[in-house]
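Per-entry structural report
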Amino acid sequence: MQEVKNVEQSSRYGPPIERHPDGTLYQMSPSQQKQAAKLIKKHCCNCDKGNCILLDDGDGCVCPQRISYSVCCRWFRNAVLPAFPELEADIFKDVSLRRCVSCGARYVPGSNRSRYCPTCAAQRRRQKDRERKQKTRHTVRI
């Protein structure tokens, strides 16, 4: 019965933290850690005045992810970080960032064929649709 409880607790906050092949945690640069601390303060539902509610046992417990340069909090990794794909790609370096052909902004590509950031892709799609429909209307004979 005790083993089942441990398995439930280990998967309670999502999958385990990714590690390098040698078993070490991914490390953040000082600027990335500063960005992460701001995101935790603003977007993490478990951060209350700098204290982690998940680790609270009656005394205030400082959020370890806010003071650490390694990615050690599963909640931060699975709930907060995916909302900011540019920082996520910067930290994990698994996803390469590309530059938009139109505006030059950096973005995480959705596929190998993408050339535009999501904003410019929507504008480009509307422009192409408009041109195609105009061409169709121009060639239609009554």
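So, here's what we can say about the structure.

What follows concerns the nonpolar core. Grouped together as the largest cluster of nonpolar side chains are 18 residues, with contacts concentrated most on Ile 40, Val 71, Phe 76, Leu 81, Ile 91 and Phe 92. Put simply, the parts of the chain that give this core at least two residues each are α2 (30-43), α4 (74-80) and α5 (85-92). Setting aside residues no more than four positions away along its own chain, Leu 81 makes contact with Phe 76, Leu 87, Glu 88, Ile 91 and Phe 92. Grouped together as the second largest cluster of nonpolar side chains are five residues, Cys 100, Tyr 107, Tyr 116 and Cys 120 included.

Relative to the 20 Å expected for 14 residues at 1.5 Å per residue, α2 spans 20 Å between its end C-alpha atoms, a close match to the ideal helical length. Inspection of α2 places Gln 32, Gln 33, Ala 36, Ala 37, Leu 39 and Ile 40 among the buried residues, and these make up the whole buried set. End-on view of α2: buried residues confined to an arc of 165°, all on one side of the axis. Of the exposed residues in α2, the ones pointing more than 90 degrees away from its buried face are Pro 30, Lys 34, Lys 38, Lys 41 and Lys 42. Structurally, α2 contributes buried residues whose contacts are with β1 (47-48), α3 (64-67), α4 and α5.

Checked against the element boundaries, Cys 44 lands in the loop between α2 and β1. On the basis of relative accessible area, Cys 44 is assigned to the buried category, the value being 10%. With 31 residues separating them along the chain, Cys 44 and Trp 75 place their C-alpha atoms 8.2 Å apart. For Cys 44, the residues in contact, after removing those within four places along its chain, are Leu 39, Trp 75 and Val 80.

Considering the arrangement of structural elements, one finds Ser 114 in the loop between β4 (106-107) and α6 (118-139). Of note is the side chain of Ser 114, whose polar atom sits 3.2 Å from the backbone oxygen of Ser 111. Residues within four places of Ser 114 in sequence aside, it is in contact with Arg 98, Tyr 107 and Pro 109.

Definitions and cut-offs
Residues numbered from 1 in each chain as written. Predicted model: local features only at pLDDT ≥ 70, side-chain atom pairs only at ≥ 80, totals over all residues. Heavy atoms only, no water. Core = buried A, V, L, I, M, F, W, Y, C linked by side-chain atoms within 4.5 Å. Buried < 20%, exposed > 50% of the residue type's maximum accessible area, 1.4 Å probe, protein only. Helix = DSSP H or I, 4+ residues; strand = E, 2+ residues; numbered from the N terminus. Contact = heavy atoms within 4.5 Å. Expected span 1.5 Å × (residues − 1). Arc of directions from axis to C-beta. Polar contact = N/O pair within 3.5 Å; in protein donor to acceptor, adjacent residues only side chain to side chain.

Function cannot be inferred from these measures alone, as they are strictly geometric.
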